[in-house]
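Secondary and tertiary structure notes
Here is how the chains run, residue by residue.
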Amino acid sequence: MTPTESLSITLSVNGATVAREVPARLSLADFLREELRLTGTHLGCEHGVCGACTVLLDGEPVRACLMLAVQARGHSVTTVEGLTPAGGGLTPLQAAFQRHHAVQCGFCTPGMLMTATALLAGNPSPSAEQVRDALSGNICRCTGYVQIVEAVMDAAAGAEA
Amino acid sequence: MKAPPFAYAAPASIEGALALLAAHEDAKVLAGGQSLMPALNLRLAAPSVLVDINAIPELSEVSITPAGLRLGALVRHSRIGTNSAIAGAVPLLGLAYPHIAHGPVRTRGTIGGSLAHADPSAEWPAVCLASDAVMEVRGPGGGRDVPAEEFSLGIFTTAIEPGELLVAIRFPAWPASRRAGFAEVARRDGDFAMVGAAVTVDLGADGTCTDARIVLFGASSRPVRRREAEARLRGQVPGAALLREAASLAAQGIDPPSDLHASAEYRRRVAPVMVRRALADALSLPEARLAS
Ligand SMILES: Cc1cc2nc3c(=O)[nH]c(=O)nc-3n(C[C@H](O)[C@H](O)[C@H](O)COP(=O)(O)OP(=O)(O)OC[C@H]3O[C@@H](n4cnc5c(N)ncnc54)[C@H](O)[C@@H]3O)c2cc1C
Ligand code: FES
Ligand code: FES
């Protein structure tokens, strides 16, 4: 096996199959943003600390800035664009973010939504403490977090009813 | 920033990975990428070749036998924390897990990567030291076992030689009479510890301590056993006063670093508190958590 600086990859992004030739050093985040123009995945720190780039890999939250695009080969990636329901509009979680003013500048929002989506998929009725714990790796410089936690709790309660 | 250019290969076997490491002198192993990718993005590392070990199924194997627990080096943090059989086999793993990073980092990060990276404030190396774990390291000349005590050598330095791969971590069977405790202080939940303690205490039928392990981490360049404090507990029936004494012994003579997160003085003050709390929790003596 000879290491190469560029590789062909095929993966699924938001349900569609994508095939590309990419440089080995390209991060998954840059692949999504620059190659696929899915700019909803934001880059704050590029070293794993802020959470803005969080996407789902086979349903699990990961930092897109800390994965290489080539490592997503054969996997299924979901970005914030992929949350949009079939007929358009917002998911209940996104609608709850809007209702609760859980978005100010919006920079952290995609990462918050992806992390909270993964939380609710595994635990449909979390406690406020579990929500805070799940979101503890996502930094928001605007809201003070209170409305974000409320929005996630509201979306969870709505799903139960 | 963006990672510098490198060539990449993802071999499907341990032999394939070792061959690549042998062929490329400055090659680096890529496991979960949760420490290496930040280093690449910040240009603190610029290897010419990355050997991605994520396609080697053998490295993700978990086995639990009467001899103990064996975790492949690529077992992810999240699997350790959410698989009750793993935490059942080595309870300290379960106690330490909630302190390690955040969900999306735990999804990818691996126990082998954490051990190989050897951050002095990392939880897994301390847990391995307190549990008498043994690291299975493989190189071109074959395999060797390295006890935890000889594995972490200093900041970001381990016994892994160039060309070698950490393949698994073996934990000896956990005796029914063994109690465990874990405590750390960090700026935020999920951040690296400023100081922490991982302890085990073995109790005889009459409540006498027959053996103990007290490990401090974040207090020096690598996790360390505090043998004088351990000896203080042995042969005694532990109570609050004895735990306080052992805790101050454990922190005696440490020479912690000063950095952005905490001063050496702060770490010196907090170290005995972490040991006391870990021991108090291990022995279910809540009154011993208090200073006096
Ligand atoms: C925001 C954030 C917070 C974090 N908080 C914590 C925390 O609180 N506590 C904590 O312990 N960690 C924390 N981490 C680090 C995390 O646990 C990493 O997963 C871990 O340190 C490295 O594991 P990895 O599998 O990601 O290794 P990688 O990043 O892939 O590799 C790390 C190093 O180890 C080498 N290596 C990896 N595997 C092997 C192997 N099998 N054989 C030989 N060499 C190998 C690599 O070459 C590299 O030098 C945090 C990380 C981030 C981004
Ligand atoms: S950009 Fe990935 S965590 Fe900040
Ligand atoms: S809304 Fe601005 S960073 Fe969160």
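In this text the structure is predicted, and so the values were computed from the model without any measurement. Counting starts from 1 at the beginning of each chain's written sequence and moves along it residue by residue. Starting at A for chains and at 1 for ligands, labels are handed out in the order in which the entities are written. Reporting of local features is limited, given that this is a predicted model, to residues whose pLDDT is at least 70; pairs of side-chain atoms are given and counted only at 80 or more, and all residues count toward the totals for whole chains, interfaces and linings. Side-chain numbers here rest on the full set of heavy atoms in the structure, without hydrogens or water.

1. Concerning the packing of aromatic side chains
Residues and elements named next belong to chain B. Basically, it comes down to this: Pairing of aromatic side chains here covers Phe, Tyr and the six-membered ring of Trp, requires ring centres within 6.5 Å, and sorts the geometry by plane angle: under 30 degrees stacked, over 60 edge-to-face, intermediate tilted. The numbering of helices and of strands both runs from the N terminus, where a helix is a DSSP run of H or I of at least 4 residues and a strand a run of E of at least 2. Residue exposure (1.4 Å probe, protein chains only): buried if accessible area is under 20% of the type maximum, exposed if over 50%, otherwise partly exposed. Comment: the charge-over-ring label is applied if NZ (Lys) or CZ (Arg) is within 6 Å of the ring centre and within 35 degrees of the ring normal.
Taken as a whole, this structure holds 1 aromatic pair over all chains when the rule is applied. A centroid spacing of 5.6 Å and a plane angle of 35° characterise the contact between Phe182 and Phe217, whose relative ring orientation is tilted. Of the two residues, Phe182 sits in strand S11 (residues 178-185) while Phe217 sits in strand S13 (residues 209-217), which places them 35 residues apart along the sequence. Each member of the pair Phe182 and Phe217 is classed as buried. The cationic tip of Arg106 hangs over the ring face of Tyr97; the distance from NZ or CZ to the ring centre is 4.6 Å.

2. Considerations on the site of ligand 1
Here is the rule: The nearness test applies per residue and asks whether one of its heavy atoms lies within 4 Å of the molecule or strand. For this analysis, a polar contact is any N or O atom pair within 3.5 Å, provided that within protein one partner can donate a hydrogen and the other can accept it, and provided that sequence-adjacent residues contribute only side-chain to side-chain pairs. In short, Shrake-Rupley with a 1.4 Å probe defines the accessible areas, and a residue's cover is counted only from the protein chains shown.
Neighbouring ligand 1 are 33 residues, the closest being Val29, Ser35, Leu36, Thr110 and Glu123 of chain B. Residues near ligand 1 are shared among chains A and B, making this a multi-chain site. His77 of chain B places a polar side-chain atom, nitrogen or oxygen, 2.9 Å from an oxygen atom of ligand 1. Within the contact set of ligand 1, an oxygen atom lies 2.6 Å away from a side-chain nitrogen or oxygen of Thr110 of chain B. When isolated, ligand 1 has an accessible area of 960 Å², and the protein chains bury 93% of it. Elements with a minimum of two residues in the shell around ligand 1: strand S2 (28-30), helix H7 (111-117) and strand S10 (165-172) of chain B. A per-element tally of the shell around ligand 1 places H7 of chain B first, with 4 residues.

3. Concerning the interface of chain A and chain B
Cut-off, in case you're wondering: Note on definitions: a residue-residue contact is assigned when non-hydrogen atoms from the two residues lie within 4.5 Å. Accessible area, probed at 1.4 Å, shrinks when two parts are joined; the buried area is that loss added up over both. Should a side-chain nitrogen of Lys or Arg be within 4 Å of a carboxyl oxygen of Asp or Glu, the pair is scored as a salt bridge.
Listed as interface residues are 29 residues of chain A and, on the opposing side, 35 residues of chain B. The contact between chain A and chain B buries some 2,500 Å² in all, and 58% of this surface belongs to carbon and sulfur atoms. When the buried area of chain A at its contact with chain B is split by residue, Pro3, Arg25 and Leu66 of chain A rank highest and sum to 25% of it. On the surface where chain A and chain B come into contact, there are 2 salt bridges. Among the ionic pairs, Glu46 of chain A bridges to Lys2 of chain B, the shortest N-O distance being 2.6 Å. Our count for the contact surface shared by chain A and chain B stands at 12 residue pairs in polar contact (both at pLDDT 80 or more).

4. Quick notes on the domain arrangement of chain A
All names here are of chain A. Applied cut-off: Residue ranges for the domains originate in an automatic or database domain assignment. When residues are sorted by character, Ala, Val, Leu, Ile, Met, Phe, Trp, Tyr, Cys and Pro go into the nonpolar class, Asp, Glu, Lys and Arg into the charged class, and all the rest, Gly among them, into the polar class.
Structurally, chain A comprises domain 1 (6-83) and domain 2 (92-157). Domain 1 and domain 2 are separated by 21 Å when their C-alpha centres are compared. Each partner contributes to the roughly 1,200 Å² buried at the junction of domain 1 and domain 2, and carbon and sulfur atoms together form 68% of this total. Linking domain 1 to domain 2 there are 4 residue pairs in polar contact (both at pLDDT 80 or more). Those elements that place two or more of their residues in the side of domain 1 that touches domain 2 are strand S3 (54-57) and strand S4 (60-63). Element by element, the count of residues in the side of domain 1 that touches domain 2 is highest for S3, at 3 residues. Among the residues forming the side of domain 1 that touches domain 2, the class breakdown is 9 nonpolar, 8 polar and 1 charged.

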